[in-house]
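One-letter residues, chain by chain:
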Amino acid sequence: MVIGFLLYVCYASKRSKMNYILFDGDVRTSLLPFTYTRPVADIRVGILTIREKWEKYLGLTTTTITEEYLEEKFPMVEMEENIMLNASFLPIPELVEMVKGLKKNEAIFKGEDVIAFYTSQDQEEVDFDSYNQIEFEEEIIQIKNTWDIFSKNDEAIRQDFNFLTEGRTSQPIPETVNCVGRENIFLEEGAKLTFATLNATTGPIYIGKNAEIMEGVVVRGVLAMCENSVLKLGAKIYGATTLGPYCKVGGEVNNSVLFGYSNKGHDGFLGNSVLGEWCNLGADTNNSNLKNNYAEVRLWNYETGRFAKTGLQFCGLMMGDHSKCGINTMFNTGTVIGVSSNIFGSGFPRNFVPSFSWGGASGFTEYKMNKVNEVAEVVMKRRNVVYNELEEKILSAVFEETKKYRNY
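All values derive from a computational prediction rather than experimental measurement. (Residues numbered from 1 in each chain as written. Predicted model: local features only at pLDDT ≥ 70, side-chain atom pairs only at ≥ 80, totals over all residues. Heavy atoms only, no water.)

1. A look at the overall build of the protein
In step 1: For the protein, the count of helices and strands is seven helices and 35 strands.
In step 2: Compactness check: the protein gives a C-alpha radius of gyration of 22 Å against a globular reference of 22 Å for 408 residues, within 12% of the reference.
In step 3: Viewed in the frame of its principal axes, the protein has a C-alpha envelope of about 75 × 55 × 45 Å.
In step 4: Split into buried and exposed, the 408 residues of the protein put 53% on the buried side.
In step 5: At a minimum sequence separation of 6, the contacts of the protein that also span at least 24 residues come to 46%.
In step 6: If you sum the accessible surface of the protein, you get close to 18,600 Å²; carbon and sulfur atoms cover 49% of it.
In step 7: Within the protein, one finds 41 positive and 53 negative side-chain charges whose respective centroids are separated by 6 Å. (Helix = DSSP H or I, 4+ residues; strand = E, 2+ residues; numbered from the N terminus. Rg over C-alpha atoms; globule rule 2.2 N^0.38 Å. Buried < 20%, exposed > 50% of the residue type's maximum accessible area, 1.4 Å probe, protein only. Contact = heavy atoms within 4.5 Å. Areas by Shrake-Rupley, 256 points an atom, 1.4 Å probe, with all protein chains shown as cover. Lys, Arg positive; Asp, Glu negative; His and termini not counted. Charge placed at Lys NZ, Arg CZ, Asp CG, Glu CD.)

Dropping the structure here:
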């Protein structure tokens with residue numbers, strides 16, 4: 001018995017040293033412009049980012065293999081034993097148990113795609129032909145394209161909601177709130193709401209720590225509000241929407257994801273769309289999410305340099321980090337805006353606006369880095385976040401990488 005116990009302790013100690021590393025894989029390009037400024041692992045879908053999901057399930061921190069210019073902010077730490085995780089796959093309990101049990105020369109696959117595999121520090125290369133390839137049979141969410149972020153957000157929110165609220169009790173819903181499906185509503189500590197209408201019969205509503213829903217707001221689940229996010233007076237939200245940390249939203253929003261620190265503070269419609277961080281939509285900005293002829297929507301493809309089919313009838317706006325638009329801006333169906341662009345003026349801008357562009361339907365000029373840095377510093381300071389040398393280096397690297405698209 002004593003020997004057996006000692007063996008168990010040694011085994012447990014050895015397994016506790018396992019190191020988990022999230023890698024971008026071959027989906028990074030198809031997830032631009034969002035992966036210009038972050039690894040795939042730091043995309044938000046559902047309530048949490050993909051990294052946050054894995055870390056909460058594993059009970060451990062993770063590091064990242066990503067683009068060289070992002071490595072200083074998102075470093076990779078290698079140890080004696082490592083499990084490589086494909087960041088495009090969202091974890092579920094069955095998968096996490098398989099990942100925790102991986103041994104030397106074992107890999108988990110979903111069809112042709114590797115989900116996770118074991119490596120050691122002294123391993124020079126990985127040859128999956130020599131691995132024991134374990135097929136994962138359960139259904140699982142994979143984020144392979146930008147539009148997956150909003151189109152798979154319903155299922156992702158439901159998974160995160162169940163995971164985060166299991167065995168916990170919601171803060172009480174104020175008496176002034178008109179709600180149905182009360183069992184599907186969860187309020188974290190500090191959440192504030194009054195004289196709002198919440199319908200959670202169609203799916204869960206998660207209101208994060210210190211988030212606020214102002215008077216007159218109407219919500220039809222599924223909805224995820226992250227920490228310190230705000231729904232402004234009279235907003236109408238429906239169809240699997242995520243507001244990341246410190247986002248402020250008003251008007252009408254349908255099936256959209258805002259990563260964090262982004263604003264759509266006024267009236268106007270946003271549908272089937274994704275906004276990165278530090279974006280701002282001017283008052284009465286509207287986007288089309290359905291073509292007049294009801295045809296399949298095409299989106300700009302960074303890999304091919306052409307517009308490609310999405311297979312979707314509804315697809316709106318994809319806007320990279322630090323991009324903004326002026327009041328009354330109108331976006332066509334399936335518009336892609338790169339990083340740190342500024343859109344303004346009358347008429348519809350083109351369906352693809354390269355990163356660091358300044359202008360609108362009447363034409364564009366290059367948005368110079370000195371101005372980019374000035375604006376980013378002011379914008380981030382308003383939320384008590386420092387625009388430091390590291391952030392500047394990342395944007396400068398993206399500026400150089402995206403020059404090829406700015407042929408105005």
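2. A few points about the confidence of the model for the protein
For any part of a model where pLDDT is low, the fine detail of the predicted coordinates should not be relied upon.
In step 1: On average, the protein scores 94 in pLDDT, and the residues at 70 or more come to 96%.
In step 2: Confidence drops under a pLDDT of 50 for residues 1-16, and excluding neighbours within four residues, the segment shows four contacts in the predicted structure. (pLDDT = per-residue confidence, 0-100.)

3. Structural notes on empty space enclosed by the protein
In step 1: Under the definition given, this model contains one cavity of 30 Å³ or more.
In step 2: Empty space within the largest cavity amounts to approximately 60 Å³.
In step 3: The wall of the largest cavity is formed by H322, K324, S340, S341, N342, Y367, V372, V375, A376 and L395.
In step 4: A per-element tally of the lining of the largest cavity places helix α6 (residues 369-381) first, with three residues.
In step 5: Across the lining of the largest cavity, the residue classes tally to five nonpolar, four polar and one charged. (1 Å grid on protein atoms, 1.4 Å probe; cavity = no way out; pocket = protein on both sides within 12 Å on 5 of 7 lines; lining within 4 Å. Points joined across faces, edges and corners; volume = space filled by probe spheres on them. Nonpolar A, V, L, I, M, F, W, Y, C, P; charged D, E, K, R; others polar.)

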